[in-house]
Amino acid sequence: MIGASTQVVPINRDRLLERFIKYVKIDTAADPTTDRYPSSQGQLELGKILLEELVELGLDEAYQDDYGLVWASLPSNVEGDAPTLALVAHLDTSPEAPSNNISPHVVESYDGKDLCFANGETLTIEQCPELQGLQGKTLVCSGGDTLLGGDDKAGVAIIMELVASLIENPNLKHGPIKILMTCDEEIGRGTDKIDLQQLNADVAYTIDGGGAGVVDTETFSADAVTVHFKGRNIHPAIAKGRMINAIRAAADFLAGLPSNGCSPESTEGREGFIHVYGISGGVGDAAIEILLRSFDTNQLEEYAEYLTDLGVKVREKFPGLEVSLEVTKQYRNLRDSLVNLPAAVDLPCQAFEVLGRPYEQAIIRGGTDGSQLSEKGLPTPNLSSGQYQIHSVKEFACLDEMIESIEHLQILVQLWSMEKIEA
Ligand SMILES: [Zn+2]
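Residue positions are given per chain, counting from 1 as you read along its sequence in written order. Local features are withheld for residues below a pLDDT of 70 in this predicted model, meaning they are given only at 70 or higher, and side-chain atom pairs are given and counted only at 80 or more; totals for whole chains, interfaces and linings count all residues. Calculated side-chain values reflect all of the structure's heavy atoms, with hydrogen atoms and water omitted.

What about the pattern of salt bridges?
Salt bridge, as used here: a side-chain nitrogen of Lys or Arg that lies within 4 Å of a carboxyl oxygen of Asp or Glu. In this structure the tally under the stated criterion is 14 salt bridges. For Glu 168, the salt bridge identified is with Arg 15, shortest N-O distance 2.8 Å. With Glu 168 in helix H3 (residues 150-168) and Arg 15 in helix H1 (residues 13-24), this pair connects stretches of sequence that are 153 residues apart. Here Glu 121 and Lys 394 are joined by a salt bridge, their closest N and O atoms 3.7 Å apart. Here the residue Glu 121 occupies a position in the loop between strand S5 (115-116) and strand S6 (122-123), and Lys 394 occupies one in the loop between strand S16 (382-388) and strand S17 (396-398), the gap between them amounting to 273 residues. Among the charged side chains, a network of salt bridges with common partners joins Arg 15, Arg 19, Lys 22, Glu 53, Glu 161 and Glu 168. By definition, any uninterrupted DSSP run of H or I lasting at least four residues is a helix, any uninterrupted run of E lasting at least two residues is a strand, and each is numbered from the N terminus.

Given below as structure tokens:
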């Protein structure tokens, strides 16, 4: 019993571990080379298994939709209109490291020294300083040759075990809870097929963060820019005064970008950047691909203006050249929408306080599914789920921190059940 009105119940540790191992063994790597949705068969397979488990747990509104997303609802067990809370995790794993034949192994009561993988590789404390804080805990490691897939199957297993604990312990009070397992998050398509009206939630949490005790409350705001250069091609023999070389113009443009900062390789923390990641073309046409990133959404416009001005300068140097910029909106800082529902951040922080655990609010130098959901009107911070070394072959997850996450969510759903949201 914790506090007067909230409580945690013991988590079934063995069952959680069993679930997690079962999920990670299914290869669900997203495939960026196809337009299919979901991009890989494994996501459908895992989704089917989860659906069966949700039905077995007694959730009647459970289904897998045509795109492979798994939806389920757990009805409220309190009187009155409690806010509807959605819990979101993604089924796919990163395509950036091998994910076939994942053979997880469990390290019970980790000794705090270099972490040894089944294939003989080690992860040193220097390579992963977070290991120092994990002594005595149970770690689940990849075999050393593949991903583990704790990103985000830790989140998936946490949500499944939370639901089981809520059903088995009706004394844990909660409002309506929606479960949503998404596909293809790792290739930027995680929210493409989410119908927010169907989800019909007041607040959501992605369970997709590293370590323990972190509430991610900010992400970058992001735009993409393509700069087109239209030159004029003609046989070099007769080119004098007639050829306009788009490649040279593009190179001139690149040379005009800030040289001492404002790039990913020269910034950290709250600093934004202009990131050139692609260039293509020939004499007649060339294009440069650029990402704009900042925690300050207004700064994206400043970046775009800077690039527009640079385009004008290049055009002046290459008479007859045409330069055009195409700016595509990508996602917006989570914070922009969280201001409309402060409880989305306050309650998870309060839940850590109830548990007497340290916590921090953090910023992500990237986007989450939550950035897009928040922008569409559903405030969605991201919570820790015990993941470490993600997207690498030396990935591991901390079982004890996964349990901590479930306990935190048990408190969080109770806090939300007592909350009122003004319409
Ligand atoms: Zn993830």
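Considering the coordination of the zinc ion
A 2.8 Å cut-off from the metal defines N, O and S donors, relaxed to 3.2 Å for Na, K and Ca; water is not in the atom list, so some sites may appear incomplete. Donor atoms from the polypeptide that coordinate the zinc ion comprise His 90 (NE2), Asp 151 (OD), Asp 208 (OD) and Asp 208 (OD), at 2.0 to 2.4 Å from the metal. Here the metal geometry follows the donor angles, with tetrahedral for four donors whose angles all fall between 85 and 135 degrees, square planar for four and octahedral for six when opposite donors are more than 155 degrees apart and every other angle is between 65 and 115, and irregular for all the rest. Taken together, the 4 donor atoms coordinating the zinc ion and their angles of 56 to 143 degrees define a geometry best described as irregular. As a motif over one chain, the donors of the zinc ion read H-x60-D-x56-D. With His 90 in strand S3 (residues 85-90) and Asp 151 in helix H3, the pair connects residues that are 61 residues apart, well separated along the chain. In this structure, His 90 and Asp 151 share a single accessibility class: buried. Each residue is assigned to one of three classes by its accessible area relative to the maximum for its type, calculated with a 1.4 Å probe on protein chains only: buried under 20%, partly exposed between the two thresholds, exposed over 50%.

Here's the deal with the packing of helix H5 (residues 246-255) against helix H6 (residues 297-317)
Angles run from 0 to 180 degrees between N-to-C directions of axes, and those axes are lines fitted to C-alpha atoms, restricted for helices to the stretch in contact. The geometry of H5 relative to H6 is characterised by a closest axis approach of 10 Å and an angle of 135 degrees between their N-to-C directions. Classed by the angle they form, the pair H5 and H6 counts as oblique. In this structure, H5 meets H6 at a crossing whose hand is right-handed. Of H6, the residues touching H5 (which contributes Ala 249, Asp 252 and Phe 253) are Leu 307, Leu 310, Gly 311, Val 314 and Lys 317. Classification used: nonpolar for Ala, Val, Leu, Ile, Met, Phe, Trp, Tyr, Cys and Pro, charged for Asp, Glu, Lys and Arg, polar for all others including Gly. For the contact of H5 with H6, the residue count by class is 5 nonpolar, 1 polar and 2 charged. Relative orientations are named as follows: roughly parallel for angles under 35 degrees, roughly antiparallel for angles over 145 degrees, roughly perpendicular for angles from 65 to 115 degrees, and oblique for any other angle. With the far helix as reference, a near helix turned anticlockwise by less than a right angle produces a left-handed crossing, and one turned clockwise produces a right-handed crossing. Here a residue-residue contact requires only that any non-hydrogen atoms of the pair lie within 4.5 Å.

Things to note about the domain arrangement of the protein chain
Reported domain spans reflect what an automatic or database domain assignment gives. Here the domain parsing of the protein chain yields domain 1 (13-219 + 333-417) and domain 2 (221-331). The C-alpha centroid of domain 2 is placed 38 Å from the C-alpha centroid of domain 1. Taken together, the contact between domain 1 and domain 2 spans 13 residues of the former and 13 residues of the latter. Counting each side, the surface lost to burial between domain 1 and domain 2 is near 1000 Å², with a carbon and sulfur contribution of 44%. Ranking the residues of domain 1 by area buried against domain 2 places Ile 363, Arg 365 and Glu 375 at the top, with a combined share of 49%. Defined in terms of a 1.4 Å probe, buried area is the accessible area two parts forfeit on being brought together, summed over both.

Details of the sheet that holds strand S13 (residues 285-294)
Strand pairing is assigned whenever DSSP identifies at least 2 bridges connecting the two strands. The sheet built from 4 strands is open, its strands ordered S12-S13-S11-S14 with antiparallel pairing. Either end of the sheet is taken by a strand with one partner, and the two such strands are strand S12 (273-281) and strand S14 (322-331). Direction aside, the axes of adjacent strands within the sheet are offset by 20 degrees on average. In terms of strand pairing, strand S11 (residues 221-230) meets S13 through 10 bridges, oriented antiparallel.

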